[in-house]
Amino acid sequence: MKRFSKTLNGDDPSKYSDSGTRNALTDPDRNPGLSPMRVMGIFIACLILFSVLFSINVVLRDPPSDAVHEASKNRVLEVEPRKSSEDQFLDPEEVPKDKLLGGLLAAGFDEGSCASRYQSASYRKEMPHEPSSYLLSRLRSYEALHKRCGPNTESYKKAVEQLKSGRHPTSLDCNYVVWISYSGLGNRILTLASAFLYALLTNRVLLVDPGVDMVDLFCEPFPEASWFLPMDFPLKNQFGSLNQKSAHCYGEMVRKSNLTNTDQSLLSSFVYLHLSHDYNDQDKLFFCDQDQDFLEKIPWLIVRTDNYFVPSLFLIPSFEQELGNLFPRKETVFHFLGRYLFHPTNVVWGLITRYYQAYLAKADERIGIQIRVFDTGTGPFQHVFDQILSCALKENLLPETNGQDLIVTPSGTLKSKAVLITSLSSGYLEKLRDMYWEHPTVTGEVIGIYQPSHEEYQQTEKHAHNRKAWAEMYLLSLTDMLITSSWSTFGYVAQSLGGLTPWILYKPENRTAPDPACKQAMSMEPCFHAPPFYDCKAKTGVDTGALVPHVRHCEDMSWGLKLIDRSDEF
Ligand code: GDP
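Note that the coordinates shown come from a computational prediction; the quantities given were computed from them, not determined experimentally.

### Some details on the environment of Ala546
Turning to its location among the elements, Ala546 is positioned in the loop between β12 (540-541) and β13 (551-553). Sequence separation of Ala546 and Leu561 is 15 residues, and the distance between their C-alpha atoms is 9.8 Å.

### Remarks on the pattern of salt bridges
According to the stated counting rule, one finds 20 salt bridges in the structure shown. In this structure, Arg188 and Asp213 form a salt bridge, with 2.7 Å as the shortest nitrogen-oxygen distance. With Arg188 in helix α7 (residues 185-202) and Asp213 in the loop between β2 (205-208) and α8 (214-217), this pair connects stretches of sequence that are 25 residues apart. Across the pair, Asp213 and Arg188 agree in class, each one buried. Two residues, Lys417 and Glu365, come together in a salt bridge whose shortest N-O distance is 3.3 Å. Placement of the pair is Lys417 in strand β6 (residues 416-422) and Glu365 in strand β5 (residues 365-370), with a sequence separation of 52 residues. The buried category is assigned to Lys417, whose relative accessible area is 6%. In the salt-bridge network here, residues are joined through shared partners; they are Glu365, Lys415, Lys417 and Glu445.

### Regarding the sheet that holds strand β1 (residues 176-179)
Across a sheet, paired strands are connected by hydrogen bonds in the backbone, their directions being either parallel or antiparallel. One open sheet holds the four strands; their spatial order is β2-β1-β4-β3, and the pairing between them is parallel. Whereas interior strands pair on both sides, the edge strands pair on one side only; in this sheet they are β2 and β3 (270-274). Between one strand axis and the next, the sheet turns through 25° on average, direction left out of account. Judged from the four bridges that link them, β1 and β2 form a sheet pairing that is parallel. When the bridges of β2 are listed, Trp179 appears paired with Val208. In the packing of helix α6 (residues 154-165) onto the sheet, contacts are made with β1, β2, β3 and β4 (300-304), and the angle to β4 comes to roughly 80°. Together, β1, β2 and β4 form the strand contacts of α7, whose direction differs from that of β1 by roughly 175°.

### Observations regarding the site of the ligand
With respect to spatial proximity, 20 residues lie near the ligand, and among them Asn187, Arg372, His465, Ser488 and Thr489 are the closest. His465 places a polar side-chain atom, nitrogen or oxygen, 2.6 Å from an oxygen atom of the ligand. Between the ligand and Glu472 there is a distance of 2.8 Å, counted from a nitrogen atom to a side-chain nitrogen or oxygen. Within the complex, 96% of the 560 Å² of free accessible area of the ligand lies under protein. Taken together, the elements giving at least two residues each to the shell around the ligand come down to α7, α17 (463-477) and α18 (489-498). Considered class by class, the residues forming the shell around the ligand number five nonpolar, 11 polar and four charged.

### A word on the state of the cysteines
The bond known as a disulfide is covalent and runs between the sulfur atoms of two cysteines. Inspection of every chain in the model, using the stated rule, returns five disulfides. Across a sulfur-sulfur distance of 2.0 Å, Cys288 and Cys536 are joined as a disulfide pair. On the S-S bond that ties Cys288 to Cys536, the torsion sits near -75°, and the link is left-handed. In this pair, Cys288 is assigned in the loop between β3 and α10 (289-295) and Cys536 in the loop between β11 (534-535) and β12, connecting sequence segments 248 residues apart. In the protein, the bonded cysteines, taken in the order they occur along the sequence, pair up as 1-4, 2-3, 5-9, 6-7, 8-10.

### Observations regarding the packing of α7 against helix α12 (residues 317-326)
Orientation of α7 relative to α12, taken along the N-to-C sense of each, is 110°, at an axis distance of 11 Å. The angle between α7 and α12 places the two elements in the roughly perpendicular class. Crossing angle aside, the handedness with which α7 passes α12 is right-handed. Touching Leu197, Tyr198, Leu201 and Thr202 of α7 are Phe319, Glu322, Leu323 and Leu326, all from α12. Considering only residue class, the contact of α7 with α12 consists of six nonpolar, one polar and one charged.

### A look at the confidence of the model for the protein
Residues of the protein with pLDDT of at least 70 account for 80%, and the chain-wide mean is 83. Note that pLDDT drops below 50 for residues 1-95; the model gives that stretch 23 contacts with residues more than four away or on any other chain.

Calculation criteria
Residues numbered from 1 in each chain as written. Predicted model: local features only at pLDDT ≥ 70, side-chain atom pairs only at ≥ 80, totals over all residues. Heavy atoms only, no water. Helix = DSSP H or I, 4+ residues; strand = E, 2+ residues; numbered from the N terminus. Salt bridge = Lys/Arg side-chain N within 4 Å of Asp/Glu carboxyl O. Buried < 20%, exposed > 50% of the residue type's maximum accessible area, 1.4 Å probe, protein only. Pairing = 2+ DSSP bridges. Axes fitted to C-alpha atoms, helices over the stretch in contact; angles between N-to-C directions. Contact = heavy atoms within 4.5 Å. Near = heavy atom within 4 Å. Polar contact = N/O pair within 3.5 Å; in protein donor to acceptor, adjacent residues only side chain to side chain. Areas by Shrake-Rupley, 256 points an atom, 1.4 Å probe, with all protein chains shown as cover. Nonpolar A, V, L, I, M, F, W, Y, C, P; charged D, E, K, R; others polar. Disulfide = S-S within 2.5 Å. Parallel < 35°, antiparallel > 145°, perpendicular 65-115°, else oblique. Left-handed = near helix turned anticlockwise from the far one by under 90°. pLDDT = per-residue confidence, 0-100.

Pasting the structure below:
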């Protein structure tokens, strides 16, 4: 103790050796024979000896090879400031915190097979919110469950045998939710996150139908066990024919039998959940606690949905507490689940990083503009361009141009803004680029306009098309400020992944730019476009957007629902 603390008389303890005595070499009082002059003499002699040895070494050696260059480069690295004593004792298992996104990601994945997983942090700003420790612990326990019950495990084989037999099992140690690949890419990303949250809440294992391109687009999110449904899954060939009329469709089961959910004769080895936009009142009973009690007993749930149904899970009383613990901040649901689940494969990561480095990295500020036009016709439309410009100028996202002067000489350093446009049409890019080329900005800012692709129309079944779509959603999520289009899941994915609260362009009516053109969203969460309006207890219709402060109607769709953390009206 004494050796490392200040001495009573205030001396610096570094003056003392381990034995507690003062250092004879540096202490002239203790060693009168070593005067300052003599110390200086010894030092100069050492210097001369060292430089002679160094010269002999250089003269005798061959001309420096590349290897020597490499070695000297490495030596430069070695003289980096030494780590603090704490760093020197880092657990080898420990990886820098931001690389694991605040503990959201598990350590230990092979980095080369999915570069985006651990590199994404270096392309993003600090996470605006921290995941709760409870969410982290539930993710780790989910990973353990997935490893125990995932494809090719004994439990999986047993459950599949049971499924093939068609009988309802008395008990199984693993239950599953199987997600059918369906709809556009933005929709798929949102529905997969919804299905994962449902799996977390109900202790089920999520298995993903690979569809035509899911393997091409997304890395495996769970360590040591695949999330993809094996090709020989017994119901695989039936996915295409499962619909609302199927005998195993939950809504149809309820409608036909008109039975209560406690009726054991309804129990079967699997149930198909039809949760897509055209679902009926019986299908919507999925969002009632009583029906969840029944579904809990079914080992295999097969779900088809094109909707982000998370907001309605928050209205199921039995999930309320758990959801509150997982997400103390409600608007972070997709933000965290999205960053946890969706890692672009290397081929997509190449598209993202090359584009980012070439066009976006050097700008002082990045502004994303996501343009999705649901009108018929290919565009570009003048009213859409007017609306975007009006929004960007009014909200100070982009500077005005100077129509008078040909040259504006700004004072100080020029600030650069990179505008990333995503659109199926190239027309908006051309108009905006011409505008900022032909006129100077009033602020002197330098505006670059970039658009990675213009695919003209949606081509959901094409690999290269969907890779670009995924890369573009991700690039938008790397911007600092974002303008999005109403109703678009493409934009929702970008905003939530990026932790951005976007300015949403109101939906134009009659091909006219609305006034105001846009408004900043209440939260970064996606909108559930087709929620149920049903009070399960009272068995009557109810406005589900007015029941609790954190589930409100969306800014861009008056009947949609979204999660928010503040309840002031939009
Ligand atoms: P939503 O229809 O806007 O909700 O978004 P989805 O992603 O579900 O479906 C639209 C699909 O159209 C995308 O997945 C892409 O295939 C295509 N698409 C729409 N906008 C763009 C765009 O700006 N860039 C690219 N590359 N594709 C787009």
